[in-house]
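These are the residues of each chain, in order.
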Amino acid sequence: MASVPALSYSSFRTYEECPLRWRFLYVDRLPEAPRGYFTFGRVIHSVLEELVAPLVVPAGKRAGENDRQRTLDEWHPAPGHAAPRWMTEEEMLRAYDTAWSSEGYTSAEEESRYRALGREILLGYLDALRRERPLPVAVEEHLEARWDGIPVHGYVDRIDRTPAGGLEVVDYKTSRDLSNEDARDSDQLSLYQVLVENNYAEPVEGLTLYHLRSLTPLRSAPRERSTLVGLHDRLGVALDGIRAEAFEPTPGRHCARCDFRDRCPEFRSVPPAEGARLRTLVDRFESLRAEENRLETELRRTAEELHRAAEELGIHRVPGSRSVAVRRREEAWQFSLDPVRPLLERSGLASRVGSGTPEEVRRLVRDPTVDAELRRKVAETGARRVKWYWELEDAAP
Ligand code: SF4
């Protein structure tokens, strides 16, 4: 069984997307080709760290220190701490020039486009920072936690003190498009909430994706426990897979940006010596599949014709020359829970139909301890589906 490192968000996401790619990156430690947009994101993050780090109010941020967090205006530098200090535009742009890296850009033109974009982002960000005057308590902080048995870690871009005394987690994004839904559904922010809650005494009151290109903070509420449980389950599945060394390739659209296609069995080419033999097998497979489809269609049509005749004659057993075709009936209920789920939630019964299987719903509908009106509404969303099918029995000798 493999020893498992703490899961970061990106490691977890990589495993969920393709376990084999996770192995290439985290076990074999194969390097990926540099890409301009990653370099760009790294540079911007490092300048923002330099910019905000002198504004961090260092006192009382940790659980157990019994020290109230002070605001920037209240803060007087303690011995050994520099006073909060705002960078000038010139200083910031100098830091940007120093941090700049040409790695991964496909052309000089692309690099200069990104460089100009970065300058615009940083100037706009500094301006917004001066207006908003947030109260950062940490920047680029590495946090670790054991979340109900699962080791997790991550670098949080910024943690701010909220006016109410809680904490807001801020994650910078240099990507092109981002929406409020992205912030609301972000697993990364959910994981950061858990990390901050495990390391700070104050409650997390907000989770924000900061869209740097538009200088827009996309704010979302802290996650409910039920959402976090779902993420914890998925992390657990990834952890179990890593422990069991389950590294199967999982191809998809993400393969287009995978650097390991030449090592991946999904993309490995057939050795020339085996080419002719395997081509014959593929051709045979293809014709058999076509034949299978033709037979399936013919089988369905024959069954339908038999069914129509049996309906007209009101019979269920039809003797052939060698066997007897017997018509069987299968009944299933289906429910549409969307309209009643809010009602169930209001009545505190949503967990009774957690996964919404017909059996769970039918149990609820039959339960006399549940309000009769609610049961009636749930029952009305149900529809009975009847399916007929044929089986063959040996004909009597
Ligand atoms: S090419 Fe696709 S399937 Fe293969 S390792 Fe990469 S992501 Fe996974």
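Residues numbered from 1 in each chain as written. Predicted model: local features only at pLDDT ≥ 70, side-chain atom pairs only at ≥ 80, totals over all residues. Heavy atoms only, no water.

A.B. asks: Help me understand the pattern of salt bridges, please; the structure alone is not making it clear to me.
C.D. replies: Two side chains of opposite charge can pair, provided their charged atoms sit close to one another. The tally for this structure, following the rule as stated, stands at 31 salt bridges. For D171, the salt bridge goes to K173, with nearest N and O atoms at 2.9 Å. Looking at D171, the relative accessible area reads 3%, which means it is buried. Of the residues examined, K173 reaches a relative accessible area of 21% and is grouped as partly exposed. Salt bridges linked by common partners bring R317, R328, E391 and E393 together as one network. (Salt bridge = Lys/Arg side-chain N within 4 Å of Asp/Glu carboxyl O. Buried < 20%, exposed > 50% of the residue type's maximum accessible area, 1.4 Å probe, protein only.)

A.B. asks: For this particular structure, what's the right way to read the site of the ligand?
C.D. replies: All residues in the neighbourhood of the ligand are listed as C18, R21, P249, T250, P251, H254, C255, C258, R261, C264 and F267. Taken together, the residues of the shell around the ligand sort by class into seven nonpolar, two polar and two charged. (Near = heavy atom within 4 Å. Nonpolar A, V, L, I, M, F, W, Y, C, P; charged D, E, K, R; others polar.)

A.B. asks: I'm lost on the sheet that holds strand β2 (residues 150-161) in this one. Help?
C.D. replies: Two orientations exist for strands paired in a sheet by backbone hydrogen bonds: parallel and antiparallel. Strands sit in the order β1-β2-β3-β4-β5 across an open sheet of five strands; the sheet is mixed. Since the sheet does not close on itself, it has two edges, and those belong to β1 (135-147) and β5 (216-220), each with one partner. Averaged over neighbouring strand pairs, the angle between their axes works out to 35 degrees when direction is ignored. (Pairing = 2+ DSSP bridges. Helix = DSSP H or I, 4+ residues; strand = E, 2+ residues; numbered from the N terminus. Axes fitted to C-alpha atoms, helices over the stretch in contact; angles between N-to-C directions.)

A.B. asks: Could you clarify how one ought to interpret the nonpolar core in this entry?
C.D. replies: Burial of nonpolar side chains together is a common tendency in soluble globular proteins. Core analysis: the largest hydrophobic core is formed by 35 residues, its most contacted members being I159 and L235. At the level of elements, α1 (9-17), β1, β2, β3 (167-173), α7 (187-199), β4 (204-211) and α8 (225-243) are the ones that each hand at least two residues to this core. Excluding residues that lie within four positions of it along the chain, L235 makes contacts with L7, F12, W147, I150, V152 and L191. Formed by 29 residues, the second largest nonpolar core is a distinct cluster that contains L93, Y114, I121 and V139. (Core = buried A, V, L, I, M, F, W, Y, C linked by side-chain atoms within 4.5 Å. Contact = heavy atoms within 4.5 Å.)

A.B. asks: Quick question: what am I supposed to make of helix α5 (residues 108-132) here?
C.D. replies: Given 3.6 residues to a turn, an α-helix orients residues that are three or four positions apart in the same direction. Given a rise of 1.5 Å per residue, 25 residues ought to cover 36 Å, and the 36 Å separating the end C-alpha atoms of α5 matches this to within 8%. For α5, the complete set of buried residues consists of E110, E111, Y114, L117, G118, I121, L122, G124, Y125, L126, A128 and L129. Residues of α5 that are buried in the fold lie against α3 (36-52), α4 (89-99), β2, β3 and β4. Positive backbone phi, approximately 45 degrees, marks R133, located one or two places after α5. (Expected span 1.5 Å × (residues − 1).)

A.B. asks: Is there a simple way to think about the side chain of S11 in this case?
C.D. replies: If you trace the backbone, S11 turns up in helix α1. Engagement of the side chain of S11 in a polar contact is seen with the side chain of W22, the distance being 3.0 Å. Once residues lying within four places of it in the same chain are set aside, the contact partners of S11 are W22 and Y26. (Polar contact = N/O pair within 3.5 Å; in protein donor to acceptor, adjacent residues only side chain to side chain.)

A.B. asks: Help me out: how do you make sense of the environment of R115 in this one?
C.D. replies: Take R115: it is sitting in helix α5. Distance from R115 to I150, taken between C-alpha atoms, is 40 Å for residues 35 residues apart in sequence. Not counting residues up to four positions away in its chain, the partners in contact with R115 are Y96, D97 and W100.

A.B. asks: Would you mind showing me how to read unusual backbone geometry here?
C.D. replies: For residues besides glycine, phi is generally negative; the peptide bonds are generally trans as well. Located in the positive-phi region is R133, a residue other than glycine, with phi close to 45 degrees. For R133, a relative accessible area of 40% corresponds to the partly exposed category. Of note, L215 is a non-glycine position whose phi angle comes to about 55 degrees, a positive value. Along the chain, the position of L215 falls in the loop between β4 and β5. For L215, a relative accessible area of 27% translates into the label partly exposed.

A.B. asks: What should I look at first to understand the packing of α1 against helix α2 (residues 19-27) in this one?
C.D. replies: Pairs of packed helices are described in terms of their axes, by the angle between the two and the distance that separates them. The contact between α1 and α2 brings their axes to 5 Å, and the two run at 135 degrees. Considered as vectors, α1 and α2 are oriented oblique to each other. The segment α1 lies against α2, with S10, S11, T14, Y15 and E17 engaging P19, R21, W22, L25 and Y26. Classifying every residue of the contact of α1 with α2 gives five nonpolar, three polar and two charged. (Parallel < 35°, antiparallel > 145°, perpendicular 65-115°, else oblique.)

A.B. asks: Would you take a moment to explain the packing of aromatic side chains for this structure?
C.D. replies: Pairs of aromatic rings are described using the distance from one ring centre to the other and the angle between the two planes. By the definition in use, this model includes 13 aromatic pairs. Relative to F260, the ring of F24 lies with its centre 5.2 Å away and its plane at 55 degrees, an arrangement referred to as tilted. Of this pair, F24 sits in helix α2 while F260 sits in the loop between α8 and α9 (275-313); the two residues are 236 residues apart in sequence, bridging distant segments of the chain. The burial state of F24 is the same as that of F260; both residues are buried. Both rings, one in Y125 and one in Y172, keep their centres 5.6 Å apart while their planes meet at 85 degrees; by these two values the pair is edge-to-face. (Phe/Tyr/Trp six-rings, centres within 6.5 Å; stacked < 30°, edge-to-face > 60°.)

A.B. asks: Explanation requested: the pairing of strand β7 (residues 323-335) in the structure shown.
C.D. replies: Each regular strand carries side chains that alternate between the two faces of the sheet. The sheet contact formed by strand β6 (residues 317-319) and β7 spans three bridges and is antiparallel. In the strand pairing of β7, R317 is matched with V326. Counting the residues in the hairpin turn of β6 and β7 gives three residues. As judged from the 13 bridges shared by β7 and strand β8 (residues 382-394), these two strands associate in the antiparallel manner. The residue of β8 that forms the bridge with E330 is K387.

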